[in-house]
Amino acid sequence: MCECKKPYYITTAIAYTSAKPHIGNTYEIVLADAIARSKRQQGYDVYFQTGTDEHGLKIQQKAEAAGITPQQYVDNVAGEIKRIWDLMNTTYDKFVRTTDPMHKAKVQKIFRKMYEKGDIYKGKYTGKYCTPCESFWTESQLVEGKCPDCGRECVDAEEEAYFFRMSKYADRLMKHIEENPEFIQPESRKNEMINNFLKPGLQDLCVSRSSFTWGVPLDFAPGHVSYVWLDALSNYITFCGYDPDGNHDEQYKKFWPADLHLIGKDIIRFHTIYWPIFLMSMGEELPKQVFGHPWLLVKGDKMSKSLGNVIYADDLVDLFGVDAVRYFVLHEIPFAADDIMTYELIIDRVNSDLANILGNLVNRTIAMNNKYFGGVIQSGDVAGDFDEELKQIALAMPGKVKAKMDELKVADAIDEIFVLLRRANKYIDETTPWILAKNPETLPRLGTVLYNLLEAIRFAAIALEPYLPDTSKRILEQLNVCNGGLESLNAFGGMVAGEKVGTPEILFARLDPVKKMEEINAANEAKNSKNEKKAEKQQKKEEKKHEEPTYPEVIDIDTFFQSKLQVGRVLECTNVPKSKKLLQFRLSFGKDGERTILSGIAQYYPDPAALVGKQIVAITNLAPRKMMGIESHGMILSAVDDEGNLRLASVGEGVADGALLG
């Protein structure tokens, strides 16, 4: 019989590198982690992929505003996203980035193959564009003149572009959805896609942009970059070993099609309409299931900086700890409906569920075993009332948890574990160990009661591992037992008589709601004050940057001729390492030789190599100046136009390198 583990491939949506992820974004990676850990417990060979989506107009604009290159910008944000994913104790197998050269090369080939197949054609886009969502819309699709997804303003867009023939595969996709009822979950998301998009008829999709440069360039169409969604969605196969030429890696053969794409409900359309159709065009199998999870709301609204209701995962961890935050988001968000998060609700859950039901049970049970039996586990063979019900609930619990997890009802799965924990707490009240301890004749019965409690706790600790991994580990350490996996929960009796339990520790301390809210409010006020000072400093910096320079009304001709203005040809232009602003030019001035000049214009040229070969004007008799360890010999002349575009001073054709101006 084959002992090979069954493969299971789960992905999150790749996080967009426009800003630091808030707790609503972080919920998705924690949810995926719980599912991945659960599948590993069940014996699956799991491949869990997450990462970052790093191209698009929004990224280019943010980088320009920050005065750095798009690559520098996404490097910073991707690092922050990965830090938070790691902080939340998530066990992804692969963290991908769409700026990876391998991915970009594969996307170029995918696009070309679709074009050569006739699924993509060249045209012109005219309509509305939502920059935050990277989405195109027609006038009729707007809601009150705004983006139907995010409710923000759209801008007019008109540019040459390539389009994908969506209608070619619409009937085939509809048939697939009908024949595979689990493909889109929950049911409400499936109905939305069918009724709002498929039945009215799919419009051809714009899949390239020519109005900006930060994207995967099309190798057969200069000036065009792949539209962010074709680039981003392809990550699910490119990093898994897909080869556009058909020479797929063994990993791809093993894990594709993906078992689950876990995504936010706001991008369900891209994953259940565009992505399946792209795969059909490529001749690849479709993922088995796409689950559009609900949102975590604050004050009834989706988190947004503009609303001022953003809460970050690392701030919550500082206040409550990793497992408390994991518990809240996994337990409080229903299967298909949005839910509200408040600090008060988190405090209540920590106190009621984690401190009272779980923490108190573990602490007092181990403390009693230490107090009455010196920590030694008793035989547990003196049966009595209430034992059988506790045992049956424990034995049934793993199967019930699995059934809920198979439906992706994670909150319900956690509830099944807490059914056992609540029953164990009731068992203490029913058996009254403190009374049994007073009579030497009832000590054997006390030993059995404590054995049953310790064993019930062991069951719960192992079952909790996908959701509260650190807490699970700490409980098992206090029990002084190893995590035997789900196989060890097939029979009630895993605790070994004669062994000793460890020292009881507080798992979750009870919180004083009033004092905790005072702490939270003080922390938020300090943070807001810091942000206000930072914003004020940035505003002053921007104002200073745009201040008009002052000049003397007149200068004499001799002063003017003291500046040596020469024509130079760009031989090389690169970003200065560790600098957000500086470009390093190597210029040829003909018979006057070459020189290096640094210029703080990096924000205007995300691709500095494009300047190579151009003739520009520079002042070449300035005193050398050292910046970032590099000596600059001159100053490049430039001006910013009314639209905020920088123009380098240049001359007409036929002027020799090194020619003097004046």
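Here the structure is a predicted model, which means the values were calculated and not measured.

**Structural notes on the overall build of the protein**
Stage number 1. When helices and strands are tallied, the protein shows 20 helices and 26 strands.
Stage number 2. Its C-alpha atoms give the protein principal-axis dimensions of roughly 115 × 60 × 50 Å.
Stage number 3. Burial status across the protein gives 50% buried among its 662 residues.
Stage number 4. Of the roughly 31,100 Å² of accessible surface on the protein, a fraction of 50% belongs to carbon and sulfur atoms.
Stage number 5. The averaged location of the 94 negative side-chain charges in the protein is 2 Å from the averaged location of its 81 positive side-chain charges.

**Describing the sheet that holds strand E14 (residues 296-298)**
Strand pairing in a sheet takes place through backbone hydrogen bonds and is either antiparallel or parallel in direction.
Stage number 1. Taking strand neighbours across the sheet as the criterion, the 3 strands line up as E15-E14-E16 in an open arrangement whose pairing is mixed. The open sheet has two edge strands, strand E15 (301-302) and strand E16 (339-340), and neither has a second partner.
Stage number 2. Where E14 meets E16, 2 bridges bridge the pair, whose relative direction is parallel. What sits directly across from Leu296, in E16, is Asp339.

**Notes on the environment of Asp339**
Stage number 1. Residue placement: Asp339 occurs in strand E16.
Stage number 2. Sequence separation between Asp339 and Pro294 is 45 residues, and the spatial gap between their C-alpha atoms is 7.8 Å.
Stage number 3. Excluding residues within four positions of it along the chain, Asp339 makes contact with Trp295, Leu296, Leu297, Glu332, Ile333 and Pro334.

**Topic: the packing of aromatic side chains**
Stage number 1. Counted according to the given criterion, the structure contains 21 aromatic pairs.
Stage number 2. Where Phe111 meets Tyr162, the ring centres are 6.3 Å apart and the plane angle is 85 degrees; that geometry is what we call edge-to-face. Here the residue Phe111 occupies a position in helix H4 (residues 101-117), and Tyr162 occupies one in strand E7 (residues 155-164), the gap between them amounting to 51 residues. Each member of the pair, Phe111 as well as Tyr162, carries the same accessibility label: buried.
Stage number 3. Between Phe164 and Phe278 the ring centres are 5.4 Å apart and the planes differ by 70 degrees, which places this aromatic pair in the edge-to-face class.

**So, helix H14 (residues 387-406)**
Stage number 1. The terminal C-alpha atoms of H14, which comprises 20 residues, lie 30 Å apart, in line with the 28 Å expected from a rise of 1.5 Å per residue.
Stage number 2. Along its length, H14 reaches its greatest deviation from straightness, about 35 degrees, at Met397, and the proline Pro398 lies no more than four positions downstream.
Stage number 3. Residues Asp387, Leu390, Ala394, Met397, Pro398, Val401 and Met405 constitute the buried set of H14.
Stage number 4. For H14, the secondary structure elements touched by its buried residues are helix H1 (23-41), helix H15 (410-431) and helix H17 (443-464).

**Digging into the environment of Glu487**
Stage number 1. As for its position among the elements, Glu487 is in the loop between helix H18 (469-479) and helix H19 (513-545).
Stage number 2. Taking relative accessible area as the criterion, Glu487 reaches 55% and is therefore assigned exposed.

**As for the sheet that holds strand E6 (residues 135-137)**
Stage number 1. Reading across from one edge, E6-E5-E7-E9 is the order of the 4 strands in this open sheet, with antiparallel pairing throughout. Here the strands that pair on one side only, and so sit at the sheet edges, are E6 and strand E9 (205-206).

**Looking at the packing of helix H12 (residues 322-332) against H15**
Stage number 1. At a closest axis distance of 7 Å, the pairing of H12 and H15 adopts a crossing angle of 110 degrees. The angle between H12 and H15 places the two elements in the roughly perpendicular class. In this structure, H12 uses Tyr327, Leu330 and His331 to contact H15, whose residues at the interface are Val410, Ala411, Ile414, Asp415 and Phe418.
Stage number 2. Per-class residue counts for the contact of H12 with H15 are 6 nonpolar, 1 polar and 1 charged.

**What about the pattern of salt bridges?**
Stage number 1. This structure, assessed with the given rule, holds 42 salt bridges.
Stage number 2. Taking the shortest distance from any N to any O, the salt bridge between Asp314 and Arg83 comes out at 2.7 Å. Taken together, the positions of Asp314 in helix H11 (residues 313-320) and Arg83 in helix H3 (residues 70-87) put the pair 231 residues apart, joining distant regions of the chain.
Stage number 3. One salt bridge connects Glu250 with Lys253, and the closest N-O pair in it is separated by 3.3 Å.

**Quick word on the nonpolar core**
Stage number 1. One finds Ile23, Ile35, Phe320, Leu358 and Tyr467 to be the most contacted residues of the largest nonpolar core, which totals 109 residues.
Stage number 2. Here the element with the most residues in this core is H17; it accounts for 14 residues.
Stage number 3. With near-sequence residues (within four places) excluded, Leu358 lies in contact with Asp353, Phe418, Leu421, Leu464, Leu468, Thr471, Ile475, Leu507 and Phe508.
Stage number 4. With 66 residues, the next largest nonpolar core counts Tyr169, Tyr242, Tyr274 and Leu279 among its residues.

Rules used in this analysis
Residues numbered from 1 in each chain as written. Predicted model: local features only at pLDDT ≥ 70, side-chain atom pairs only at ≥ 80, totals over all residues. Heavy atoms only, no water. Helix = DSSP H or I, 4+ residues; strand = E, 2+ residues; numbered from the N terminus. Buried < 20%, exposed > 50% of the residue type's maximum accessible area, 1.4 Å probe, protein only. Areas by Shrake-Rupley, 256 points an atom, 1.4 Å probe, with all protein chains shown as cover. Lys, Arg positive; Asp, Glu negative; His and termini not counted. Charge placed at Lys NZ, Arg CZ, Asp CG, Glu CD. Pairing = 2+ DSSP bridges. Contact = heavy atoms within 4.5 Å. Phe/Tyr/Trp six-rings, centres within 6.5 Å; stacked < 30°, edge-to-face > 60°. Expected span 1.5 Å × (residues − 1). Bend = angle between axes of the 7 residues up to and from the residue. Axes fitted to C-alpha atoms, helices over the stretch in contact; angles between N-to-C directions. Parallel < 35°, antiparallel > 145°, perpendicular 65-115°, else oblique. Nonpolar A, V, L, I, M, F, W, Y, C, P; charged D, E, K, R; others polar. Salt bridge = Lys/Arg side-chain N within 4 Å of Asp/Glu carboxyl O. Core = buried A, V, L, I, M, F, W, Y, C linked by side-chain atoms within 4.5 Å.

Just geometry here; none of it tells us what the structure is for.
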